[in-house]
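The chain contents come next:
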Amino acid sequence: MEKKLKLGIPKGSLQKATIELFRRSGWKINVNGRSYFPEINDKDIDCAICRAQEMSRYVENETLDAGLTGKDWIAENSSDIHVVADLVYSKVSARPARWVLAVPYNSSIKTLEDLNGKKISTELLEFTKRYFAERKIDVNVEFSWGATEAKVVSGLADAIVEVTETESTIRAHGLKIIHELMQTNTQLIASHKAWANPEKREKIEQIAMLLKGALLGDKLVGLKMNVPEKQIKTIVALLPSLNAPTIAALYNSDWVSVETVVDTSIVRELIPDLLKNGAEGIIEYPLNKVV
């Protein structure tokens, strides 16, 4: 590659999960102490760590060629960038996070319209302002530097707009959700200049393909088992798979070996059914990635 790809890694809550995702995809990122420029085992990539809130701006102004950040922060900054891939992962769950409007349990505020003339505290400032302006609801939106839930509890705001995955923190502060503003997830983004460069685009597409493969691999497992030939149709009928399962004859036997890939969510129900229908020696194994 003529010039190395400048890749942004999000600092903060997603940093550890992002580095682990890259590891499963084949890249080892080594963060040394407080350095903002970690090492990576790829001669064509230079890494830099920056806040997810700022990532899309750095990519837009071409300080970085590509990076990972939330859909929410792209919307917040109104950034003009190329979205390469959606990557649904987090430190908590494998589902998109949500930006929600929350008020105290005993609040008289039930709808968005009830917030007319009220004060909202949030870190997602510009997006929230636009959201209410588009609905012609007059609210005072103030930036929160953190501990946003406490702003309502202490009476500094009437409501908050906050991101949540499990809602546990919101409930713990005695708040309830009355509206969802948006769902967000991590996205791999690129500057238009880098995307127009054939060598850099190829590298970015390689990263996207392998990251998505690692995420898919996390949702699937491999199953291998021995099955009597007379039971093979019954067993195959029980097996959902990406394609048809692989079946191989066992040496000098009327048994066959069956191998397939299935969703992790069904394994605990599937294995007892396989055993009941004649399968033996069932092996379950994790998948690093599926491409």
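Procedures and definitions
- Residues numbered from 1 in each chain as written.
- Predicted model: local features only at pLDDT ≥ 70, side-chain atom pairs only at ≥ 80, totals over all residues.
- Heavy atoms only, no water.
- UniProt positions renumbered as here; feature names shortened; annotations may be inferred.
- Domains from an automatic or database assignment.
- Buried area = accessible area lost by both parts, 1.4 Å probe.
- Salt bridge = Lys/Arg side-chain N within 4 Å of Asp/Glu carboxyl O.
- Polar contact = N/O pair within 3.5 Å; in protein donor to acceptor, adjacent residues only side chain to side chain.
- Helix = DSSP H or I, 4+ residues; strand = E, 2+ residues; numbered from the N terminus.
- Nonpolar A, V, L, I, M, F, W, Y, C, P; charged D, E, K, R; others polar.
- Pairing = 2+ DSSP bridges.
- Axes fitted to C-alpha atoms, helices over the stretch in contact; angles between N-to-C directions.
- Contact = heavy atoms within 4.5 Å.
- Buried < 20%, exposed > 50% of the residue type's maximum accessible area, 1.4 Å probe, protein only.

The name given to the protein in an unreviewed UniProt entry is ATP phosphoribosyltransferase, with the source organism recorded as Desulfonema limicola. Quoted verbatim from the Sequence similarities (unreviewed entry) heading of the UniProt record, the comment on the protein is "Belongs to the ATP phosphoribosyltransferase family. Long subfamily." In its Catalytic activity (unreviewed entry) section, UniProt records this for the protein: "1-(5-phospho-beta-D-ribosyl)-ATP + diphosphate = 5-phospho-alpha-D-ribose 1-diphosphate + ATP".

Focus on the domain arrangement of the protein
Partitioning the protein into structural domains gives domain 1 (5-93 + 186-217), domain 2 (97-183) and domain 3 (220-286). Of all residues in domain 1, Asp72, Trp73 and Glu76 give up the largest surface area on contact with domain 2, accounting jointly for 53% of the area buried on that side. In this structure, the connection of domain 1 to domain 2 is made through one salt bridge. Glutamate 123 is paired through a salt bridge with arginine 51; the nearest N and O atoms lie 3.8 Å apart. Between the two partners, domain 1 and domain 2, sit six residue pairs in polar contact (both at pLDDT 80 or more). When residues of the side of domain 1 that touches domain 2 are assigned to their parent elements, the largest contribution, five residues, is made by helix α3 (residues 71-77). Residues that form the side of domain 1 that touches domain 2 fall into these classes: three nonpolar, four polar and four charged.

Comments concerning the sheet that holds strand β6 (residues 82-87)
Taken together, five strands build an open sheet; the order of strands is β4-β1-β5-β12-β6 and the sheet is mixed. The sheet is open, and its two edges are formed by β4 (45-51) and β6, each paired on a single side. Direction aside, neighbouring strands of the sheet carry axes that sit 30° apart on average. Bridge analysis of β6 against strand β12 (residues 186-190) gives five bridges, and the strand direction is antiparallel. Each bridged residue has a counterpart across the sheet, and for histidine 82 the counterpart in β12 is alanine 190. Packed onto the sheet, helix α1 (residues 15-25) meets β1 (5-11), β4 and β5 (66-70) and runs at close to 135° relative to β1. Packing against the sheet, helix α8 (residues 198-219) makes contact with β1, β4, β5, β6 and β12, and its axis sits at approximately 15° to β6.

Quick notes on the sheet that holds strand β14 (residues 246-249)
Ordered in space as β14-β15-β13-β16, the four strands form an open sheet in which the pairing is antiparallel. Of all strands in the sheet, those bounded by a partner on one side alone are β14 and β16 (280-286). Across the sheet, the mean angle separating the axes of adjacent strands is 15° when strand polarity is ignored. Inspection of the sheet shows strand β13 (residues 220-228) paired to β16 by five bridges, in the antiparallel sense. Note on β16: the bridge partner recorded for asparagine 226 is glutamate 280. Seen against the sheet, α8 touches β13 and β15 (255-263) and runs at an angle of roughly 50° to β13.

Examining the pairing of β1
With five of seven residues buried, β1 is to be regarded as a mostly interior element. Bridge count between β1 and β4: seven bridges; the pairing is parallel. Each residue of the ladder has a partner; that of proline 10, found in β4, is cysteine 50. Where β1 and β5 come together, two bridges link them in parallel fashion. Residue pairing in the sheet places leucine 7 in a bridge with alanine 66 of β5.

With respect to the pattern of salt bridges
Under the defined criterion, the tally for this structure stands at 14 salt bridges. Its salt-bridge partner being glutamate 20, residue arginine 23 comes within 2.7 Å of it at the nearest N-O pair. Of the two residues, arginine 23 and glutamate 20 both sit in helix α1, three residues apart, roughly one turn of that helix. Of the charged contacts in the structure, one is a salt bridge between glutamate 134 and arginine 135, with a shortest N-O distance of 3.6 Å. Its relative accessible area of 58% is what places glutamate 134 among the exposed residues. Classification of arginine 135 by relative accessible area gives partly exposed; the value is 37%. Taken together, the shared-partner salt bridges in this structure form one network comprising Arg98, Glu167, Arg171 and Glu180.

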